Amino acid sequence: QEQLVESGGGLVQAGGSLRLSCEASASTFRGGAMGWFRQAPGKERDFVAVVSWSGAYRDYADSVKGRFTISRDNAKNTVYLQMNNLKPGDTAVYYCAKSLKYSRVLSDFASWGQGTQVTVSS
């Protein structure tokens, strides 16, 4: 089955860290880019980070560059988002997604997880 399941969200104080995980079925995970998006209340779902199949290419939204790191372990069918120096503006539901091509465009991602809540207090 095509499936992605996020975990690792929670409540953290500003300046703290969290690591999100997204475990996918092999059929979902293999051969494509994996991305993270987030959606805050009343706002659009926005791009956060993407990593290519090989892991050689990574890209980030300007707002998270230098603070977040995306990585993947193809043997485990898992993608991670390490989030450091978290800010209240990072509060959102974070979604893991799969695209057949390396992209940061929402519509290019066809498979999505259910989301995990990240809340950063000031």
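Now for a look at the structure at hand. Position numbers for residues count from 1 along each chain, tracking the sequence in the order it is written. Note on the predicted model: pLDDT of at least 70 is required for a residue's local features to be given, and 80 or more for side-chain atom pairs to be given and counted; whole-chain, interface and lining totals, by contrast, use all residues. With hydrogens and water set aside, each side-chain value is computed from the structure's full complement of heavy atoms.

### A short note on the overall build of the chain
So, point 1. Helix and strand counts for the chain come out as one helix and eleven strands.
So, point 2. For the chain, the sequential pattern of α-helices and β-strands runs β-β-β-α-β-β-β-β-β-β-β-β.
So, point 3. Here the C-alpha atoms of the chain give a radius of gyration of 13 Å, agreeing with the 14 Å that 2.2 N^0.38 yields for 122 residues.
So, point 4. Dimensions of the chain, computed from the C-alpha atoms along their principal axes, are close to 40 × 25 × 25 Å.
So, point 5. Relative to all contacts within the chain whose residues are 6 or more apart in sequence, the contacts with residues 24 or more apart total 59%.
So, point 6. Of the roughly 6,200 Å² that the chain leaves accessible, carbon and sulfur atoms contribute 47%.
So, point 7. Only four residue types enter the charge count, namely Lys and Arg as positive and Asp and Glu as negative; His and the chain termini do not. For charged residues, the charge sits on one atom: NZ in Lys, CZ in Arg, CG in Asp, CD in Glu. Side chains of the chain carry 14 positive and 10 negative charges; the gap between the two charge centres is 4 Å. Numbering of helices and strands runs from the N terminus; a helix is a DSSP stretch of H or I covering at least four residues, while a strand is a stretch of E covering at least two. Only C-alpha atoms enter the radius of gyration; for comparison, a globular chain is expected to reach 2.2 Å times N to the power 0.38, where N is the number of residues. Whether two residues are in contact is decided by their heavy atoms: any pair within 4.5 Å suffices. Methods summary: accessible areas were calculated by the Shrake-Rupley approach with a probe of 1.4 Å, and residue burial reflects only the protein chains presented.

### With respect to the nonpolar core
So, point 1. In plain words, nonpolar cores are sets of buried Ala, Val, Leu, Ile, Met, Phe, Trp, Tyr and Cys residues tied together by side-chain atoms within 4.5 Å. A simple rule labels every residue: compare its accessible area, found with a 1.4 Å probe on the protein chains alone, to the largest value its type can have, and call it buried under 20%, exposed over 50%, or partly exposed in between. Core analysis: the biggest nonpolar cluster contains 33 residues, and Trp-36, Val-79, Leu-81, Met-83 and Tyr-94 have the highest contact counts within it.
So, point 2. For this core, the secondary-structure elements that each account for two or more residues are β3 (18–24), β4 (33–39), β5 (45–51), β7 (68–73), β8 (78–83), β9 (92–99) and β11 (116–121).

### What about the packing of aromatic side chains?
Two descriptors summarise a pair of aromatic rings, namely the distance from one centre to the other and the angle between the planes of the rings.
So, point 1. Two rings belonging to Phe, Tyr or Trp (six-membered ring only in the last case) form a pair when the distance between their centres is within 6.5 Å. Interplanar angles under 30 degrees mark stacking, angles over 60 mark edge-to-face geometry, and anything in between is tilted. All told, the structure shown has six aromatic pairs when counted by the stated rule.
So, point 2. Relative to Phe-109, the ring of Phe-37 lies with its centre 4.9 Å away and its plane at 75°, an arrangement referred to as edge-to-face. Here the residue Phe-37 occupies a position in strand β4, and Phe-109 occupies one in strand β10 (residues 109–112), the gap between them amounting to 72 residues.
So, point 3. Residue classification places Phe-109 among the buried residues on the basis of a relative accessible area of 4%.
So, point 4. Our definition puts a charge over a ring when NZ of Lys or CZ of Arg is within 6 Å of the ring centre and also within 35 degrees of the ring normal. Arg-45 extends its terminal NZ or CZ atom over the ring of Tyr-95, reaching a point 3.7 Å from the ring centre.

### Comments concerning the sheet that holds β7
The strands making up a sheet associate through backbone hydrogen bonding, with each pair oriented either parallel or antiparallel.
So, point 1. Across the sheet, which stays open at both edges, the four strands sit in the order β1-β3-β8-β7 with antiparallel pairing between neighbours. Taken across any chain shown, the strands that pair with only one partner, and hence form the sheet edges, are β1 (4–7) and β7. In this sheet, adjacent strand axes meet at a mean angle of 15° when their direction is disregarded.
So, point 2. Judged from the four bridges that link them, β1 and β3 form a sheet pairing that is antiparallel. Its bridge partner being in β3, Ser-7 is matched across the sheet by Ser-21. Paired strands are those between which DSSP finds at least two bridges. The convention used is that axes are lines fitted to C-alpha atoms, helices contributing only their stretch in contact, and that angles between N-to-C directions extend from 0 to 180 degrees.

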